[in-house]
Amino acid sequence: MSDIDPKELKILSDILALVLEDQPGQSATALEALRSRAKRNATTGGALKNLFQTIAADPEKAKPARASKARTSSRASANKGQADMSDTYRAQLQELRNNIVSLDRKLRSATAQNETLKSELYITLQARAEMQAQMAQIQSFGQYQRRMTIVIATIAGLLAGIAGTQLFHAFFPPHINTAAENARYLY
């Protein structure tokens, strides 16, 4: 895999650009095209990785596999263009690397923040459960206290009523009417 066909490299770069697109339909289609091309050419992921490393390390290896003599004069001007293009590609590649590193840092930061928030949420949920248990206990104790107050007040009221009645009868004995006295109410 020492000689790389520029047409294949162009097609591969176009497909990879589509894979990284935001539109899910285009990226999925491009990914399938990339897989089918890799199957057809019997290219493995490792070979593809080595290809990119070769291009990044020495872009001069990305020469046409079959060079004809008619192209040699145009090749010199193409090499200048390729050198400019390779510098552009290197700059883009470096920018992409920097973006990946930056995004990786942001992802790690977001993951750490997510874990922190999860732990805070767990602590908050535990505190909420404890507070609900305490509130239920206070409410049940309050209901028990109210019931006991009602029962005690009722018993005290009954006892006070009975005692008051007995006291009244002690000071004012009941007047027992005889039948003769009641007869006057009949007429």
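Predicted, not measured: the structure shown is a model, and the values here were computed from it. Residue positions are given per chain, counting from 1 as you read along its sequence in written order. This being a predicted model, a pLDDT of at least 70 is required before a residue's local features are given, and a value of 80 or more before pairs of side-chain atoms are given or counted; all residues contribute to the totals for chains, interfaces and linings. Processing note: side-chain calculations cover all non-hydrogen atoms of the structure and skip hydrogens and water entirely.

Draft legend 1. Fine view of the overall build of the protein. Helix and strand content of the protein: five helices and zero strands. Only DSSP runs of H or I covering at least 4 residues are called helices, and only runs of E covering at least 2 are called strands; the numbering of each starts at the N terminus. Moving toward the C terminus, one meets the helices and strands of the protein in the order α-α-α-α-α. Only protein chains enter the area calculation, which uses a 1.4 Å probe; residues under 20% of their type maximum are buried, those over 50% are exposed, and those in between are partly exposed. Of all 187 residues assigned to the protein, the portion counted as buried reaches 7%. Taking all contacts inside the protein whose residues are at least 6 apart in sequence as the whole, residues at least 24 apart take part in 62%. Residue-level accessible areas treat just the shown protein chains as cover; the underlying method is Shrake-Rupley with a 1.4 Å probe. On the protein, roughly 15800 Å² of surface is accessible, and the fraction owed to carbon and sulfur atoms is 62%. In this description, contact between two residues means that some pair of their heavy atoms is separated by no more than 4.5 Å.

Draft legend 2. Looking closely at the packing of aromatic side chains. The aromatic pairing rule takes the rings of Phe, Tyr and Trp, using the six-membered ring of Trp, and pairs them if the centres are within 6.5 Å, calling planes under 30 degrees apart stacked, those over 60 edge-to-face and the rest tilted. Here the structure, examined in full by the defined rule, presents one aromatic pair. Ring geometry for F168 against F172: centres 5.2 Å apart, planes inclined by 45°, an arrangement best described as tilted. Of the residues examined, F168 reaches a relative accessible area of 48% and is grouped as partly exposed.

Draft legend 3. Representation of a nonpolar patch on the surface. Residues forming no salt bridge and having over 30% relative accessible area are the ones grouped into patches, like charges within 9 Å of each other and nonpolar side chains (Val, Leu, Ile, Met, Phe, Trp, Tyr) within 5 Å. Any carboxyl oxygen of Asp or Glu that lies within 4 Å of a side-chain nitrogen of Lys or Arg is treated as forming a salt bridge with it. Nonpolar side chains collect at one region of the surface, where F141, Y144, M148 and I152 lie side by side and expose about 430 Å² of accessible area between them. In this structure, Y144 sits in helix α4 (residues 72-171).

Draft legend 4. Seen up close, the pattern of salt bridges. Within the structure shown, the criterion is met by one salt bridge. Here D104 ties to R108 by a salt bridge, and the two come within 3.3 Å at their closest N and O atoms. Highlighted residues: D104 and R108, both in helix α4, separated by four residues, approximately one helical turn.

Draft legend 5. Region of the structure containing the confidence of the model for the protein. The predictor reports its confidence for every residue as pLDDT, a score running from 0 up to 100. Chain-level statistics for the protein give a pLDDT mean of 78 and a share of 77% at 70 or above. For the protein, helix α1 (residues 6-19) is the element with the lowest average pLDDT, namely 70, and α4 is the one with the highest, namely 86. Segment residues 64-73 is flagged for pLDDT under 50; beyond a separation of four residues in sequence, or across chains, it makes six contacts in the model.

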